[in-house]
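# Overview (structure and organization)
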Amino acid sequence: MVLDPENLYEVDSDVPDLTGAVLLHHFDGFMDAGAAGKLLVEHILGSYEHRVIARFDVDQLIDYRSRRPGMIYATDHFEPQPAPELVVNLVFDAAGFPFLLMSGPEPDFRWEAFIAAVQQLVDRWQVGTTVGFHGIPMRLPHTRPLGVTAHATRRELVEGHQPFFSRVEVPGNVAAMLEVRLGEHGHDAIGFAAHVPHYLAQSTHPAAALVLLDTVTRTTGLALPSDVLRETARRAGAELQRQVAESEEVSEVVAALERQYDAFTGSERQEQSLLLEEEEIPSADELGAEFEKFLAEQGPQ
């Protein structure tokens, strides 16, 4: 029996005209180096007026045993905990313009049915463009500008973005499949992946979220001021620099990455990848382990 996509969600009947609106989306569970996508979602929901207008039935989509939700046991009882939610929020930007933000856990089951459900909502609301975002680990130092890998259903949608890969196999994920399926049905869909220093992949890196925010606003025209996130990124960057300066060994490996990055950006060989080594420097695993050990020793700030 084929599952009817309409059985996967409930929609608020009180929704304004959204013709041409932008639908942003980010799913927890797939790769999100530096928590870049998660931080951007939190920034948007924490900064702008919003309300839920569509809610997906996560009981049909989530494998609780593969990622068990946390529960708090207190003396003699379990405290109530919020259930996971996969929702679409109606958000109003700084100019009062409406847009949509879909966020929550990436479905474990029924990907095609879920994507078909999203397509129904896109058609129902006459969404103009969908934009996904997350972070990916790259071999680069935190002292250099962060880049963005862009992809879309039409090349014209990502003009001006320099490709960093020609062809590479990556794990499948709902966001990528949604982009493909929307393109097959004639919808415009874009995805952005912020480049995060691989040794910070497991940490929160506000600078990566800031890059995503700036890229999204330039692409969509949404009025999403970045002052708050920019200040958060500045403070986090200053603290990281302080910690690095306290370790001569870590400073040396950062310097080696800086030399590699500068050689890459100054090279005329466009096919070269930052993922390839140009000189003998510590491997990604070695550098990542060194940084994780060092930052863990600093304790909470």
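Residues numbered from 1 in each chain as written. Predicted model: local features only at pLDDT ≥ 70, side-chain atom pairs only at ≥ 80, totals over all residues. Heavy atoms only, no water.

Under an unreviewed UniProt entry, the protein has the name PAC2 family protein and belongs to Umezawaea endophytica.

## Let's talk about the pattern of salt bridges
Here the structure, examined in full by the defined rule, presents 14 salt bridges. Here Arg55 ties to Glu85 by a salt bridge, and the two come within 2.5 Å at their closest N and O atoms. Of this pair, Arg55 sits in strand 3 (residues 50-56) while Glu85 is found in the loop between strand 5 (77-79) and strand 6 (87-92), placing the two residues 30 residues apart along the sequence. On the basis of relative accessible area, Glu85 is assigned to the partly exposed category, the value being 45%. With a shortest N-O distance of 2.7 Å, Glu231 and Arg234 are connected by a salt bridge. With Glu231 and Arg234 both in helix 5 (residues 227-245) and three residues apart, the pair spans about one turn of that helix. Here the salt bridges share partners, and the residues they tie into one network are Glu112, Arg181 and Glu184. (Salt bridge = Lys/Arg side-chain N within 4 Å of Asp/Glu carboxyl O. Helix = DSSP H or I, 4+ residues; strand = E, 2+ residues; numbered from the N terminus. Buried < 20%, exposed > 50% of the residue type's maximum accessible area, 1.4 Å probe, protein only.)

## Things to note about the layout of surface pockets
Size it by volume and the largest pocket reaches roughly 1,400 Å³. Surrounding the largest pocket, 45 residues form its lining, Thr149, His151, Phe165, Val168 and Val170 being those nearest its centre. Looking at the lining of the largest pocket, the elements with two or more residues in it are strand 2 (22-28), strand 8 (129-138), strand 9 (148-152), helix 3 (174-184) and strand 10 (188-197). When residues of the lining of the largest pocket are assigned to their parent elements, the largest contribution, six residues, is made by strand 8. Of the residues belonging to the lining of the largest pocket, the class tally is 24 nonpolar, 14 polar and seven charged. (1 Å grid on protein atoms, 1.4 Å probe; cavity = no way out; pocket = protein on both sides within 12 Å on 5 of 7 lines; lining within 4 Å. Points joined across faces, edges and corners; volume = space filled by probe spheres on them. Nonpolar A, V, L, I, M, F, W, Y, C, P; charged D, E, K, R; others polar.)

## Here we look at the nonpolar core
Residues Leu24, Ile44, Phe99 and Phe133 are the most contacted members of the largest nonpolar core, which totals 47 residues. Counting only elements with at least two residues in this core, the list comes to strand 2, helix 1 (36-47), strand 7 (98-105), strand 8, strand 10, helix 4 (206-220), helix 5 and helix 6 (248-265). A total of seven residues in this core trace back to one element, the largest contributor, which is helix 4. Sequence-distant contacts of Ile44, that is, excluding residues within four places in its chain, are made with Leu24, Val91, Phe99 and Leu101. (Core = buried A, V, L, I, M, F, W, Y, C linked by side-chain atoms within 4.5 Å. Contact = heavy atoms within 4.5 Å.)

## As for the packing of aromatic side chains
In this structure the tally under the stated criterion is four aromatic pairs. Taken together, a centroid distance of 5.8 Å and an interplanar angle of 75 degrees make the contact between Phe27 and Phe114 edge-to-face. A residue pair is termed long-range when its members are at least 10 positions apart, and Phe27 in strand 2 and Phe114 in helix 2 (residues 111-125) qualify at 87 residues. When its relative accessible area of 0% is taken as the criterion, Phe114 is described as buried. Their ring planes at 65 degrees and their centres at 5.3 Å tell us that Tyr73 and Phe78 sit as a pair that is edge-to-face. As far as burial versus exposure is concerned, Tyr73 and Phe78 are alike and both exposed. Clustering of aromatic rings is evident, with ring pairs tying together Tyr9, Phe27, Phe56 and Phe114. (Phe/Tyr/Trp six-rings, centres within 6.5 Å; stacked < 30°, edge-to-face > 60°.)

## Digging into the sheet that holds strand 2
The eight strands lie next to each other as 1-3-6-7-2-8-10-9, forming an open sheet whose pairing is mixed. Among the strands making up the open sheet, the edge pair consists of strand 1 (9-11) and strand 9. Adjacent strand axes in the sheet meet at a mean angle of 25 degrees, parallel and antiparallel pairs treated alike. Across six bridges, strand 2 lies against strand 7 in parallel orientation. Paired with His26 across the bridge in strand 7 is Ser103. The sheet strands contacting helix 2 are strand 1, strand 2, strand 3, strand 6, strand 7 and strand 8, and the helix crosses strand 3 at an angle near 135 degrees. (Pairing = 2+ DSSP bridges. Axes fitted to C-alpha atoms, helices over the stretch in contact; angles between N-to-C directions.)

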